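These are the residues of each chain, in order.
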Amino acid sequence: MDDSAGGEFQIYSVEERSAATATCAIRCVGGVVRAGWPFRLRLNDGATGEPVFLILDWINLYGKFTDSLYSPYSALVQLSGDGVSLLVRGLILASSANDDS
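Criteria and thresholds
Residues numbered from 1 in each chain as written. Predicted model: local features only at pLDDT ≥ 70, side-chain atom pairs only at ≥ 80, totals over all residues. Heavy atoms only, no water. Phe/Tyr/Trp six-rings, centres within 6.5 Å; stacked < 30°, edge-to-face > 60°. Buried < 20%, exposed > 50% of the residue type's maximum accessible area, 1.4 Å probe, protein only. Helix = DSSP H or I, 4+ residues; strand = E, 2+ residues; numbered from the N terminus. Pairing = 2+ DSSP bridges. Contact = heavy atoms within 4.5 Å. Core = buried A, V, L, I, M, F, W, Y, C linked by side-chain atoms within 4.5 Å. pLDDT = per-residue confidence, 0-100.

### Some words on the packing of aromatic side chains
So, point 1. This model, assessed by the stated rule, comprises two aromatic pairs.
So, point 2. Judged by centre distance (5.3 Å) and plane angle (80°), the ring pair of Trp58 and Phe65 falls under edge-to-face.

Given below as structure tokens:
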């Protein structure tokens, strides 16, 4: 598997949220997801405008912190950035390596 291709994950639930961070249960749905990478929100409503980016701060896989997550595994993660208020169940985030815009 090519780790440099980036990855995507889907929000299963938002466990905790503050103004700047959110802890979420997620499932990797493609490629590899890495801590420290920026991720772009894929809004399902066809919204236009500037893309929203969040940073994946950490990944907790089965009680252990790790640097990466592969499909089809699930984990608890922390995301930070201005867009944490937009996080809802079912939303997909793609790494900037997948950003072809």
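### Points about the pairing of strand β7 (residues 74-80)
So, point 1. In terms of residue burial, β7 counts as a mostly covered element, since five of its seven residues are buried.
So, point 2. Note that strand β2 (residues 21-34) and β7 share seven bridges and pair antiparallel. Considered in β7, the bridge of Thr23 is made with Gln78.
So, point 3. Two strands pair when backbone bridges link them, and strand β4 (residues 53-61) and β7 are joined in this way by five bridges, in the antiparallel orientation. Counted as the bridge partner of Ile59 is Val77 from β7.

### Quick look at the side chain of Ser13
So, point 1. Among the secondary structure elements, Ser13 is positioned in strand β1 (residues 7-17).
So, point 2. Residue contacts for Ser13: discarding those within four places in its chain leaves Thr23, Cys24 and Ala25.

### Focus: the nonpolar core
So, point 1. In terms of nonpolar packing, the biggest core is built from 20 residues, with Phe9, Ile11, Cys24, Leu79, Leu87 and Leu93 touching the most fellow members.
So, point 2. If you list the elements that add at least two residues to this core, you get β1, β2, β3 (38-42), β4 and β7.
So, point 3. The element contributing the most residues to this core is β2, with five residues.

### What to know about the confidence of the model for the chain
So, point 1. In the predicted model, the chain carries a mean pLDDT of 88, and the fraction of residues at 70 or more is 81%.
So, point 2. Confidence, read as mean pLDDT per element, is least for β3 in the chain (87) and greatest for β7 (98).

### Notes on the environment of Ile55
So, point 1. By the secondary structure assignment, Ile55 is in strand β4.
So, point 2. Ile55 sits 20 residues away from Ala35 along the chain, and the two C-alpha atoms are 8.0 Å apart.

### Here we look at the environment of Val29
So, point 1. As for its placement among the helices and strands, Val29 is situated in strand β2.
So, point 2. In this structure, the C-alpha to C-alpha distance between Val29 and Tyr70, residues 41 residues apart in sequence, is 8.0 Å.
So, point 3. Non-local contacts of Val29, meaning those with residues more than four positions away in its chain, are made with Glu8, Phe9, Gln10 and Ser71.

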